[in-house]
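# Coordinate inspection notes
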Amino acid sequence: MPALKNIICALDLSEHSQLVAEQASMLAKLSGAKVHAIYVAPTMTQYTGFHVAPSTIDGFVGEIVSGAEASMSDFTAKHFQGVDVESEVVVGYATEEIIAAAEKYHADLIIMGTHGRKGIDRILFGSVAEKVVTQSKVPVLTVRPKPQA
């Protein structure tokens, strides 16, 4: 049975991220693996053609990254107690960045949430989790949100 040494925990910092972190934390504690928690801030390069100054876009993305870094620091301190964890905020397309992180850190497993979108929402927003599952070279554990009462 392969050992877990490095786990990628992809987070979107929504309420659902707590459940994803619980799974990653539990597996890390059981295996002694290191968790690489990653948040992917969206790239805004697609808006440069709309007469928006690149400096404005860069400033906006910079603010997102700064806020996300602070949020990730707080989140990992709260939800990964007793775990060897490193958090990172990157800018790009979520699927590509999650897969790149798995390669960079020689991950044995990727853990991420899925929103379970259906119908038009799925068509409009796609599924990052589905793309990661189909493109990843390592196993992917997806965590669905708890059903709303």
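Residues numbered from 1 in each chain as written. Predicted model: local features only at pLDDT ≥ 70, side-chain atom pairs only at ≥ 80, totals over all residues. Heavy atoms only, no water.

Glancing now at the overall build of the protein chain. Summing up its helical and strand segments, the protein chain has five helices and five strands in all. Listed N to C, the secondary structure of the protein chain is β-α-β-α-β-α-β-α-α-β in terms of helices and strands. Split into buried and exposed, the 149 residues of the protein chain put 38% on the buried side. Here the protein chain displays about 9,000 Å² of accessible surface, and carbon together with sulfur accounts for 55% of that area. (Helix = DSSP H or I, 4+ residues; strand = E, 2+ residues; numbered from the N terminus. Buried < 20%, exposed > 50% of the residue type's maximum accessible area, 1.4 Å probe, protein only. Areas by Shrake-Rupley, 256 points an atom, 1.4 Å probe, with all protein chains shown as cover.)

With respect to the element layout, His16 can be found in the loop between strand S1 (6–11) and helix H1 (17–31). Residue contacts for His16: discarding those within four places in its chain leaves Gly113, Thr114, Val143, Arg144 and Pro145. (Contact = heavy atoms within 4.5 Å.)

Quick look at the sheet that holds strand S3 (residues 85–92) now. Pairing in this open sheet of five strands is parallel, and the strands run S3-S2-S1-S4-S5 from one edge to the other. The sheet is open, and its two edges are formed by S3 and strand S5 (140–143), each paired on a single side. When strand polarity is set aside, the average angle formed by the axes of neighbouring strands in this sheet is 20°. By the bridge criterion, eight bridges tie strand S2 (residues 34–42) to S3 in an arrangement that is parallel. Across the sheet, residue Pro42 finds its bridge partner in S3, namely Gly92. (Pairing = 2+ DSSP bridges. Axes fitted to C-alpha atoms, helices over the stretch in contact; angles between N-to-C directions.)

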